[in-house]
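Observations on chain architecture
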Amino acid sequence: MKPKRDDFGVPIIEAENIEQLFFAFGYAQAEDHLIPMLLNFREAMGCSAEVLGGEALQIDVKSNIYGMEKIAQQDWEQASKEERKILRSFVEGINSFIRENEYKLPEWSRKPVEDKEILAFLRWSILHFGEATTINKLCIGSNQFAVAPHRTRNGTTIICSAPHLPWKRPYNWYEAHLKGAGFDVWGATFFGIPVITMGHNRDIAWSYTVNPVNIGDIYEERLNLQGDKYLYEESWLDIEEEEVELKVREGGRILTERVKVRRTHHGPIIWEEKGRAFAIKLSLFNAESILRFLLRVAKAQNLIQFKEAFRKPGFHMFNVLYGDRQGNIYYLFNALAPVRSPDYDWSKPVPGWTRETEWKSFHKFEELPQIENPPCGYIQNCNVDPTHITVEPYLKWDDFPPHLVEPAFTGRAKRLLALLEANTSLSLNDAISYAFDVLDMTAEEWKPRLISAYNVLLHEIKEGKEILACAINLLREWDNRDELESKGSYLFGLWTEKFQAIEDKNELNMLLSLKSAAEETLNRFGKLAVRWGDVHIMRRGEIEYPTAGAGFPPTESLHLATGRLENDGKVVAEGGTSYLMLVELGEKVRSWSLLPYGNSEDPESSHFSDQAPLFSRMKLKPAFSEG
């Protein structure tokens, strides 16, 4: 059964039973992105270097450190009959496409996909977000907002989601509509996942952003002289050690690398030095089946059912935003968060040799920060803590369990709060303009400081007075908007990169960095007033598309397209607004959406880049309309 598609290649799959529905979904995904999907599966299973070579070896090592294949096998053994039907049907759809096209596929990709690869990738895809908050203490950005009917022009609920992610594996989004066998859901999911992750059905809509939550810890372990035991409660325990054979492609040969994987009872060891080892423990591996959780969410028809889905979360983190056609809006700071001793600083590695640092239990659903239908009539979250989801502090720090939430308040959230607070009759066009808003919040904060520094120190500048004055005048005239026609975005963005790299961020260095940025801009383009759309681009195949929004990584706007600075001076976007969906829930349900490139990764497909012109012009495409 091959699916129908809309004008943008989005599969619209209608089926009478589960087998047909998910077979067609698997087949459609294979048609549109087989190779990237198979590479996702290989990374999750720890065997990608066999195809990609040595550059992927550390990815395979990480997969084996976490024991992803074993965890996937456990998930399969605990899967329900319905879940097994879905997995088998989805996999059979993929394998059917492989068999039909075997003659033109690379030899490595002809191997049939197995059910457990899907389950491994489900865990693997979420693992990246958990690591970001536990190891790197970094957040991958996203925006979301929901507005209640009493605050919208049409008297409907409006919800908007815009995850900010890299435009590459494993974060690529795939859009689809699944209808039948108890499903009627539209939205997007990562390549290789058989269920819509973020989207809407005919009753509700939902989205996620990364939250500043503490859902994992690093344990410092004391090792004996031989390094084969670690101290725990005055006893020496054996380190679990396993030698893993990994295949690595080198030219036309396949070599074998042997890697030792070591674990304590806290978790896999990710670093060792001078008689110490550091083990990571993530609550992801205490979460229930991610597939089961996603199915509950996709089938929910009201707020009660939606909340029930999160009582046993498959996701161990994320801000959750919800809206429904009854007019409810809801926010949840979702977290499978451990209860910890208050006597330790859990933002740093904690002693692994004492029972006092063991997790006691997990915080219950009722303890998590959440709010339903706040009086203000809107909720937003741009990777902020629960105290900043509205202007009114309905949620307060005293209400949260300790060691659960970390403070966070982004420039994107400050902008969105101001927009929502000022508008008591939000129209659909307003919501779209907010989603594509390109006011540079970094410039809003730092440009006045930069100009003030110039006003104070202009008489002390000995060299480059003229170019510095020209640069300041250009920034004064710029309206801080990163639009295609903007003339100050490039100079300011380049300044932020240079200034960020300096350790001593005093006023003089602010000006010296600006002088350097101005000289570099002038040398490259022969002028300072460079049109942003000429130098900030997205590239798909051989075609370049001018792109609005903040582009230099240190800068931020609600609509983002950040990337790398190439030798020719252009900023090539590689991430940012990775999927955008706007949903109106009322008597009828309507939605609009956008991907940066298209719904297919096949360069021969007409849907490889058919959404890129829309992205360039900041226009949404129709996704769903009821009736």
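Attention in this report is confined to the structure presented alongside it. (Residues numbered from 1 in each chain as written. Predicted model: local features only at pLDDT ≥ 70, side-chain atom pairs only at ≥ 80, totals over all residues. Heavy atoms only, no water.)

**Topic: the packing of aromatic side chains**
Operational definition: Each Phe, Tyr or Trp ring, with Trp reduced to its six-membered ring, pairs with another whose centre is within 6.5 Å; inter-plane angles below 30 degrees give stacked pairs, above 60 give edge-to-face pairs, and intermediate values give tilted ones. Working definition: helices are DSSP H or I runs of at least four residues, strands are E runs of at least two. Numbering for both runs from the N terminus. Exposed residues in this analysis have more than 50% of their type's maximum accessible area, buried residues have under 20%, and partly exposed residues fall in between, with area computed by a 1.4 Å probe over protein chains only. The criterion for a charge sitting over a ring is simple: Lys NZ or Arg CZ within 6 Å of the ring centre, and within 35 degrees of the ring normal.
Evaluated as defined, the whole model comprises 35 aromatic pairs. Between F22 and F183 the ring centres are 5.4 Å apart and the planes differ by 80°, which places this aromatic pair in the edge-to-face class. On the criterion of sequence distance, the pair formed by F22 in helix 1 (residues 18–45) and F183 in strand 6 (residues 183–190) is long-range, its members being 161 residues apart. On the basis of relative accessible area, F22 is assigned to the buried category, the value being 0%. Residue F183 is classed as buried on the basis of its relative accessible area of 5%. Seen in terms of ring centroids, F293 and F310 are 5.0 Å apart; in terms of plane orientation they differ by 85°. Their pairing is edge-to-face. In this pair, F293 sits in helix 7 (residues 290–299) while F310 sits in the loop between helix 8 (303–309) and strand 16 (319–324), placing the two residues 17 residues apart along the sequence. If you follow K281 out to its NZ or CZ, it ends over the ring of W359, 4.4 Å from the centre. Directly above the ring of W446 sits R449, whose terminal nitrogen or CZ lies 4.2 Å from the centroid.

**Observations regarding the layout of surface pockets**
So the rule is basically this: Buriedness of a pocket was judged along seven lines, with at least five required to meet protein on both sides within 12 Å; pockets are open sets of points on a 1 Å grid over the protein atoms alone, cavities are sets where a 1.4 Å probe fits but cannot get out, and lining residues have an atom within 4 Å of a point. Grid points are joined across faces, edges and corners, and a volume is the space filled by probe spheres set on the points. Under the scheme applied here, ten amino acids are nonpolar (Ala, Val, Leu, Ile, Met, Phe, Trp, Tyr, Cys and Pro), four are charged (Asp, Glu, Lys and Arg), and all others, including Gly, are polar.
There is about 510 Å³ of room inside the second largest pocket. Elements with a minimum of two residues in the lining of the second largest pocket: helix 1, helix 3 (57–66), helix 4 (68–77), helix 6 (115–134) and strand 12 (240–250). For the lining of the second largest pocket, the residue count by class is 10 nonpolar, five polar and 11 charged.

**A short note on the pairing of strand 21 (residues 536–540)**
As a general feature of sheets, a regular strand has side chains that alternate between the two faces. As a reminder, the rule being used: A pair of strands counts as paired when DSSP detects no fewer than two bridges linking them.
With respect to burial, strand 21 is a largely interior element, four of its five residues being buried. With four bridges connecting them, strand 21 and strand 22 (residues 543–546) associate as antiparallel partners. By the bridge assignment for strand 22, R540 is matched with I543. Connecting strand 21 to the antiparallel partner strand 22 that follows it, the hairpin turn spans two residues, and G541 within it adopts a positive phi of roughly 65°.

**Considering the packing of helix 13 (residues 489–500) against helix 14 (residues 507–525)**
Selection criterion: For every element, the axis is a line fit to its C-alpha atoms; helices are fit only across the contacting stretch, and the angle between N-to-C directions ranges from 0 to 180 degrees. When describing relative orientation, an angle under 35 degrees is termed roughly parallel and one over 145 degrees roughly antiparallel, while 65 to 115 degrees is termed roughly perpendicular and anything else oblique. A crossing counts as left-handed when the near helix is turned anticlockwise from the far one by less than a right angle, and as right-handed when that turn is clockwise. Any pair of residues with heavy atoms lying within 4.5 Å of one another is described as a contacting pair.
One way to put it is that helix 13 packs onto helix 14 with a least axis distance of 8 Å and a crossing angle of 130°. In terms of orientation, helix 13 lies oblique with respect to helix 14. Viewed along their axes, helix 13 and helix 14 form a crossing whose handedness is right-handed. Residues Y490, L491, L494, W495, K498 and F499 of helix 13 form the contact with helix 14, whose participating residues are N509, M510, S513, L514, S516, A517, A518, E520, T521, R524 and F525. Looking at the contact of helix 13 with helix 14 residue by residue, the class counts come to 10 nonpolar, four polar and three charged.

**Some remarks on the nonpolar core**
To be explicit about the condition: Buried Ala, Val, Leu, Ile, Met, Phe, Trp, Tyr and Cys residues that are joined via side-chain atoms within 4.5 Å together make up what is termed a nonpolar core.
Membership of the largest hydrophobic core comes to 113 residues, with the highest contact counts inside it found for L34, I94, Y208, F306 and F310. Here this core takes 15 residues from helix 1, the largest share from any one element. F306 has contacts with I204, W206, V297, A300, V320, Y322 and Y330, leaving out every residue within four places of it along the chain. Residues V147, L416, L417 and W592 belong to the second largest nonpolar core, which totals 35 residues.

**Regarding the sheet that holds strand 5 (residues 173–180)**
Backbone hydrogen bonds are what pair the strands of a sheet, in a parallel or an antiparallel way. Reading across the sheet, the nine strands line up as 1-2-5-6-7-8-16-17-19 and stay open at both edges, with mixed pairing between neighbours. Looking at the sheet topology across the chains shown, the edges are occupied by strand 1 (4–5) and strand 19 (370–372). Here strand 17 (residues 329–333) pairs with strand 19 via three bridges, running antiparallel. Its bridge partner being in strand 19, Y330 is matched across the sheet by E372. Together, strand 1, strand 2 (11–14), strand 5 and strand 6 form the strand contacts of helix 1, whose direction differs from that of strand 5 by roughly 160°.

**What to know about the packing of helix 11 (residues 441–457) against helix 13**
It is at 12 Å that the axes of helix 11 and helix 13 come closest, and there the two elements cross at 75°. With respect to helix 13, the axis of helix 11 lies roughly perpendicular. Packed against helix 11, whose contacting residues are T442, A443, W446, K447 and L450, the element helix 13 presents F492, W495, T496 and F499 at the interface. Residue composition of the contact of helix 11 with helix 13, by class: six nonpolar, two polar and one charged.

**Comments concerning helix 4**
Rules: What the arc describes is the spread of directions from the helix axis to the C-beta atoms.
For helix 4, every residue scored as buried is listed here: M68, I71, A72, D75 and W76. Projected down its long axis, helix 4 carries its buried residues within an arc of 145°, all on one side.

**Thoughts on the sheet that holds strand 9 (residues 216–222)**
Ordered in space as 12-13-14-15-9-18, the six strands form an open sheet in which the pairing is mixed. Here the strands that pair on one side only, and so sit at the sheet edges, are strand 12 and strand 18 (350–351). For strand 14 (residues 267–273) and strand 15 (residues 276–282), the ladder comprises four bridges, and the chain directions are antiparallel. Directly across from E273, in strand 15, lies its bridge partner R276.

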